[in-house]
Amino acid sequence: MSTDVLIVGAGPAGVTAAGRLSAAGVRVTCLEQGDWHQPGDGAAGTAVEASSNPNRRRSPADVPIDDSESDIAPLMWNGVGGSSITYAAQWTRHLPADFRVRTLDGVADDWPFTYEELEPYYERVERQFGVSGHPGDPAYPATNAPPLPAADIRASGRKIAKAHNELGWHWWPGANAIATRRYQGRGPCTQLGLCRWICPVQAKTTVDVTHWPEAMRSGTQLVTGARAQSIELDSRGRATGVVYTDRSGEEHFHEASVVMLAGNGIGTSRLLLLSGIANSSGLVGRRLMMHPYATVAGIFDEQLESWQGVWGQLITSLQFYESDPSRGFVRGAKWGLAPTGPPEASVSPYPWGYGEIWGQDFHHQVGRRFGHSAVWGIVGEDLPSEDNCVELHPDRTDATGRSIPKIRYRTSENTDRLLAFHTRKAEESLRAAGATDLVVGPLLRESGWHLLGTAKMGDDPATSVVDGWGRSHDVPNLFIVDGSVFPTSAGMNPTATVAAFSLRSAEHLLRERLNQDVPA
Ligand SMILES: Cc1cc2nc3c(=O)[nH]c(=O)nc-3n(C[C@H](O)[C@H](O)[C@H](O)COP(=O)(O)OP(=O)(O)OC[C@H]3O[C@@H](n4cnc5c(N)ncnc54)[C@H](O)[C@@H]3O)c2cc1C
């Protein structure tokens, strides 16, 4: 079989590119190792941490990951829709400064393009994803409003917003890929607070529902149960296609003029390492960033009905997002305020950390938490380090006999100071809002939901894997369109930037298609 563009991975990055390319008449095939999500097969009804952790889920689509030498466990959903199936749908663009941290703070690297260049793509993917939010956030440059109004910030959001007004601290209604009105055939959010499991009314944007049907109507062929195993090159170093195994373990070769990787920071780097290509810089798999994440939950005497609401983020704060040298660390974090969910969530590590709640006082403690609490989730900016990496495991293999990924990841001193400062400030915020008790989750281990940086983009082939369009410096018809390419992580949830980047790369390929170098 052959195609014009062969994409690996059917999550937000893969389908954004697939949809745009096939709408323009390009023949697109997408290989996805997982299946369509069916209600009841994991994401619904199970603890989110369990359903998102491939090492615990162990479905046939999952490749085990050795995370024994990592401070953070990586989380993902492998199937049509990728991790949009289980994500919280918090929708945050990067700030302009996030693209220039070398220039502004003297650390890490600048991106090869600016916020302003990505901005039109942000706007377009916000319409595709049905983002709800409130226009005019003063932390950002002026921009067009998201297509849908922000969700109700509810009693807890109002309480904390008031406290921030009194403190003079930034807050803004949260933006989420959650429809607040009927949108493109989906129901509006009914505030059930189940976003991190599965949304019964499909108000949460999961790209299996929102994007894939349209991409397939435009002609994209989606092959499920197909695990890409290696990218093949011709004698001139052009990619000729991908070898993949089907559900029965049988191998196939799919020929393509262009190969595009969208398998996330672990899947994409593993495939490149298995193929032994595109790595003249030695950076494939290096600079893994996962956003160290902490929580501070406030317990209030008043009834806040905090089992309800978007989850998602009710409000956000960027008060301490930018660097301030007096704090003893560089860069910062975004805070997103979330509800705390149903009774069973009162005992889960997210958002409550790993502190002890079981024992004689158990019922009282659950009663205090349930309905009476709100939590700041702190997304800390992770600076790249070449020691934090994805490697091929020296002895362990998956069911098809290929090396599984091993990740090494340790938080830095900068991170430790950053999280300590931000948790203190989040405590201050909640106390000012009237919280009578606080529960701090200082660094949640099962929080590796953002998998970034392992195929860095940049202008210099000696210090980056791909250029600013996601094109490999070494293999001119190989593109990477997922978060692997992020030179720095920002302190933002990444899907807005992943999708905007994927759309921008797809359109670059369309513009340049007559000049595109392809195998003979
Ligand atoms: C629990 C959780 C909560 C999150 N919350 C948020 C949030 O609130 N906001 C936000 O912005 N982001 C959030 N994220 C992150 C978000 O889901 C990702 O940024 C987004 O899904 C990335 O899209 P992607 O297409 O690049 O990768 P993915 O969604 O990871 O999709 C990659 C796909 O590639 C497939 N694949 C990989 N390797 C191969 C191979 N060799 N062959 C075939 N297929 C392959 C995988 O099976 C997978 O389906 C969350 C993630 C999780 C897990």
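Preceding block: the structure.
Residues numbered from 1 in each chain as written. Predicted model: local features only at pLDDT ≥ 70, side-chain atom pairs only at ≥ 80, totals over all residues. Heavy atoms only, no water.

Draft legend 1. Representation of the overall build of the protein. From N to C terminus, the protein includes 13 helices and 16 strands. Here the C-alpha radius of gyration of the protein, 22 Å, is about what a compact globule of 520 residues would show, namely 24 Å. Dimensions of the protein, computed from the C-alpha atoms along their principal axes, are close to 70 × 50 × 45 Å. Taking all 520 residues of the protein together, the buried fraction comes to 63%. Once local pairs closer than 6 in sequence are excluded, the contacts in the protein between residues at least 24 apart make up 74%. (Helix = DSSP H or I, 4+ residues; strand = E, 2+ residues; numbered from the N terminus. Rg over C-alpha atoms; globule rule 2.2 N^0.38 Å. Buried < 20%, exposed > 50% of the residue type's maximum accessible area, 1.4 Å probe, protein only. Contact = heavy atoms within 4.5 Å.)

Draft legend 2. Expanded view of the environment of Thr-210. If you trace the backbone, Thr-210 turns up in helix α7 (residues 207-210). Taking the C-alpha atoms as reference points, Thr-210 and Gly-187, 23 residues apart in sequence, are found 12 Å from one another. Among residues more than four places away in sequence, those in contact with Thr-210 are Arg-186 and Thr-205. For Thr-210, the side chain forms a polar contact with the side chain of His-211, separated by 2.7 Å. (Polar contact = N/O pair within 3.5 Å; in protein donor to acceptor, adjacent residues only side chain to side chain.)

Draft legend 3. Spotlight on unusual backbone geometry. Following Trp-311, the chain continues to Gly-312 via a peptide bond in cis, the omega torsion being -5 degrees. Among the secondary structure elements, Gly-312 is positioned in the loop between β9 (293-299) and β10 (315-317). Residue Arg-58 is not a glycine yet carries a positive backbone phi of 50 degrees. Looking at the secondary structure, you find Arg-58 in the loop between α3 (54-57) and β3 (66-70).

Draft legend 4. Region of interest: helix α11 (residues 362-369). Those residues of α11 lying buried are Phe-362, Val-366, Arg-368 and Arg-369. Taken around the axis of α11, the buried residues stretch over an arc of 160 degrees, which confines them to a single face. The inward-facing, buried residues of α11 abut β9, α10 (349-352), β12 (373-380) and β15 (437-441). A positive phi of about 85 degrees marks Gly-371, the residue just after α11. (Arc of directions from axis to C-beta.)

Draft legend 5. Layout of the environment of Gly-25. Within the element layout of this structure, Gly-25 appears in the loop between α1 (12-23) and β2 (28-32). Note on Gly-25: relative accessible area 59%, which makes it exposed. Separated by 195 residues in the primary sequence, Gly-25 and Thr-220 have C-alpha atoms spaced 9.7 Å apart.

Draft legend 6. View of the sheet that holds strand β14 (residues 403-409). On the basis of which strands lie adjacent, the open sheet formed by three strands has the order β3-β14-β13 and mixed pairing. Of all strands in the sheet, those with a lone pairing partner are β3 and β13 (389-397), marking the two edges. Averaged over all pairs of adjacent strands, the angle between strand axes in this sheet comes to 30 degrees, irrespective of strand direction. As defined by bridge partners, β3 adjoins β14 across three bridges and the pair is classed as parallel. Within β14, the position partnered with Asp-66 by the bridge is Lys-406. (Pairing = 2+ DSSP bridges. Axes fitted to C-alpha atoms, helices over the stretch in contact; angles between N-to-C directions.)

Draft legend 7. Structural detail: the site of the ligand. Around the ligand, a shell composed of 37 residues is seen, among which Ala-13, Glu-32, Ser-83, Gln-90 and Thr-495 lie nearest. Taking Ala-89, its main chain carries an N or O atom lying 3.1 Å from an oxygen atom of the ligand. Between the ligand and the protein, one listed contact pairs an oxygen atom with a backbone N or O atom of Pro-494 at 3.5 Å. Here the ligand loses 96% of its free accessible area of 990 Å² to cover by the protein chains. Put simply, the parts of the chain that give the shell around the ligand at least two residues each are α1, β2, β6 (227-233), α9 (264-275) and α13 (495-511). Taken together, the residues of the shell around the ligand break down into 17 nonpolar, 17 polar and three charged. (Near = heavy atom within 4 Å. Areas by Shrake-Rupley, 256 points an atom, 1.4 Å probe, with all protein chains shown as cover. Nonpolar A, V, L, I, M, F, W, Y, C, P; charged D, E, K, R; others polar.)

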